[in-house]
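The lines below spell out each chain.
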Amino acid sequence: MEYVELRISLKDDFHELMIAELFDLDFEGFEQEDDLLVATIPANRFDDTKREEIEKKIMNFGPDTVILSEKIIAPQNWNEEWEQTIKPQMIGKFYVHPTWSKFDGDLQDKIELIIDPKMAFGTGYHATTRVMLEWVPEIIEDGDKVLDAGTGTGILAIAALKLGASSAFGFDIDEWSETNARENILLNKVENFEVKLGSTDMIPEGEKYDVILANINRNALIELIPDLLKYLNEGGKLLLSGLLEEDEYVILDQPSVKKLRHIDTRQHKEWIAILFEL
């Protein structure tokens, strides 16, 4: 099968966001090189309509983001090539790695997170996942019930369970997430973590949580926060990310968060996470 290869100029901090957009449009392979993203799709799934969709999405990333080239190439094992880019990482209290790559040195007191991703989100490579993982150990207390909105690979909820949370519930609207998170639950041998495909309507009726984690994006968070707060215990914590530095005041200005106490905002590169308490 022949493939179409697009080479897109794009700041590396936005690669994961663009990969998510292109993944939904049937792209299968991705290579990341500094400010360049190379994306591939089977040629029989690429046409003028899809090209127009991509061009519209690219416009949202600023004037410097353009398609540099488009060409037909011979088939390759894209999954194998992409997997080789996912390397072990030390993030705060955690050692994060896929099953096919592991650090042989002394992990000391690091908590192991085995994450086999279906795509780049939830590997710890993106700044938002990193800042959340670094913050979670300060938030989770023994016995906490955790809600993970937009769970992705399940990495944040799995981390919370390994820190002493008693249970977790995660949901995501992306079909790959449900399967991927369940695979990672088994790899990490954690229990009491339920994952559902969907949005807040999948949260068990009447449940309340001590900690809610939501690493999504600004527009989704603005829409979801009012619903999420219905499930937060008094004195519970809400940790948000998927936000750029300039999004902070937009979030803080939302009517739904006015009743919350803004504890702190932390930053990694231009990305931030915001912690609230009810």
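Refer to the structure printed above.
Residues numbered from 1 in each chain as written. Predicted model: local features only at pLDDT ≥ 70, side-chain atom pairs only at ≥ 80, totals over all residues. Heavy atoms only, no water.

Notes on the packing of aromatic side chains
Tallied over the full model, the rule gives three aromatic pairs. When the ring of Phe-14 is compared with that of Phe-61, the centres are 6.2 Å apart and the planes differ by 75°; the resulting orientation is edge-to-face. With a gap of 47 residues between them, Phe-14 in the loop between strand 1 (3-9) and helix 1 (15-23) and Phe-61 in the loop between helix 2 (48-59) and strand 4 (66-73) connect regions that are remote in the sequence. Of the two residues examined, Phe-14 and Phe-61, each falls in the buried class. Taken together through their ring pairs, the aromatic side chains of Phe-14, Phe-61 and Trp-271 make up a single cluster. (Phe/Tyr/Trp six-rings, centres within 6.5 Å; stacked < 30°, edge-to-face > 60°. Helix = DSSP H or I, 4+ residues; strand = E, 2+ residues; numbered from the N terminus. Buried < 20%, exposed > 50% of the residue type's maximum accessible area, 1.4 Å probe, protein only.)

Here we look at the pattern of salt bridges
Note on pairing: side chains with opposite charge can pair once their charged atoms come close. Inspection of the entire model under this criterion finds 16 salt bridges. Arg-266 is the salt-bridge partner of Glu-138, the closest N and O atoms lying 2.9 Å from each other. With Glu-138 in helix 4 (residues 127-139) and Arg-266 in strand 13 (residues 261-268), this residue pair connects regions lying 128 residues apart in the sequence. The exposure class assigned to Glu-138 is exposed, which follows from its relative accessible area of 53%. Assessed through its relative accessible area of 27%, Arg-266 is described here as partly exposed. One salt bridge connects Glu-194 with Lys-196, and the closest N-O pair in it is separated by 3.8 Å. If you follow the salt bridges from partner to partner, you end up with Glu-5, Arg-7 and Lys-71 in one network. (Salt bridge = Lys/Arg side-chain N within 4 Å of Asp/Glu carboxyl O.)

Remarks on the packing of helix 4 against helix 5 (residues 155-162)
In contact at an axis separation of 10 Å, helix 4 and helix 5 are set at 15° when each is read in the N-to-C sense. On the basis of their axis angle, the class for helix 4 and helix 5 is roughly parallel. The crossing of helix 4 and helix 5 is right-handed. Between helix 4 and helix 5, the contacting residues are Thr-129, Met-132, Leu-133 and Val-136 on the first element and Ile-155, Leu-156, Ala-159 and Ala-160 on the second. A class-by-class count of the residues in the contact of helix 4 with helix 5 yields seven nonpolar, one polar and no charged. (Axes fitted to C-alpha atoms, helices over the stretch in contact; angles between N-to-C directions. Parallel < 35°, antiparallel > 145°, perpendicular 65-115°, else oblique. Left-handed = near helix turned anticlockwise from the far one by under 90°. Contact = heavy atoms within 4.5 Å. Nonpolar A, V, L, I, M, F, W, Y, C, P; charged D, E, K, R; others polar.)

Quick look at a negative patch on the surface
Negative charge collects at one region of the surface, where Asp-12, Glu-33, Asp-34 and Asp-35 lie side by side. Relative accessible area serves as the criterion here: at 63%, Asp-34 is assigned to the exposed category. (Patch = residues over 30% accessible without salt bridge, like charges linked within 9 Å, V, L, I, M, F, W, Y side chains within 5 Å. Areas by Shrake-Rupley, 256 points an atom, 1.4 Å probe, with all protein chains shown as cover. Lys, Arg positive; Asp, Glu negative; His and termini not counted. Charge placed at Lys NZ, Arg CZ, Asp CG, Glu CD.)

Quick word on unusual backbone geometry
One non-glycine residue, Lys-189, lies in the positive phi region at around 55°. Note on placement: Lys-189 falls in the loop between helix 6 (175-188) and strand 10 (193-197). Residue classification places Lys-189 among the exposed residues on the basis of a relative accessible area of 75%. Unusually for a residue other than glycine, Asn-192 sits at a positive phi of about 60°. Locating Asn-192 in the fold gives a position in the loop between helix 6 and strand 10.

Observations concerning the nonpolar core
The biggest cluster of nonpolar side chains holds 34 residues, and the ones touching the most others in it are Leu-113, Leu-133 and Leu-239. When residues of this core are traced back to their parent elements, those giving at least two are strand 6 (94-97), strand 7 (111-114), helix 4, helix 5, helix 6, strand 10, strand 11 (209-215) and strand 14 (271-277). At seven residues, the largest contribution of residues to this core is made by helix 5. Each residue touching Leu-239, except ones within four places of it in the same chain, is listed here: Met-132, Trp-135, Val-136, Ile-139, Ile-212, Leu-213, Ala-214, Ala-273, Ile-274 and Leu-275. (Core = buried A, V, L, I, M, F, W, Y, C linked by side-chain atoms within 4.5 Å.)

Describing the sheet that holds strand 7
Read from one edge of the open sheet, three strands run 5-6-7, paired in mixed fashion. Two strands close off the open sheet at either side, each with one partner strand: strand 5 (89-91) and strand 7. Across the sheet, the mean angle from the axis of one strand to that of its neighbour is 25°, orientation sign disregarded. Against the sheet, helix 5 contacts strand 6 and strand 7, and its axis sits at roughly 150° relative to strand 7. (Pairing = 2+ DSSP bridges.)

Looking at helix 1
Taken as a whole, helix 1 has its buried residues at His-15, Glu-16, Met-18, Ile-19 and Leu-22. The arc that holds the buried residues of helix 1, viewed along the axis, is 160°, so those residues lie on one side. Looking at the buried residues of helix 1, the elements they touch are strand 1, strand 2 (29-33), strand 3 (36-42) and helix 2. (Arc of directions from axis to C-beta.)

Topic: the sheet that holds strand 3
On the basis of which strands lie adjacent, the open sheet formed by four strands has the order 2-3-1-4 and antiparallel pairing. Two strands close off the open sheet at either side, each with one partner strand: strand 2 and strand 4. For this sheet the average axis-to-axis angle between neighbouring strands, irrespective of direction, equals 15°. The pairing of strand 2 with strand 3 spans five bridges and is antiparallel. Residue pairing for strand 3: Gly-29 is matched across the bridge by Thr-40.

Honestly, it's all geometry; don't read function into it.
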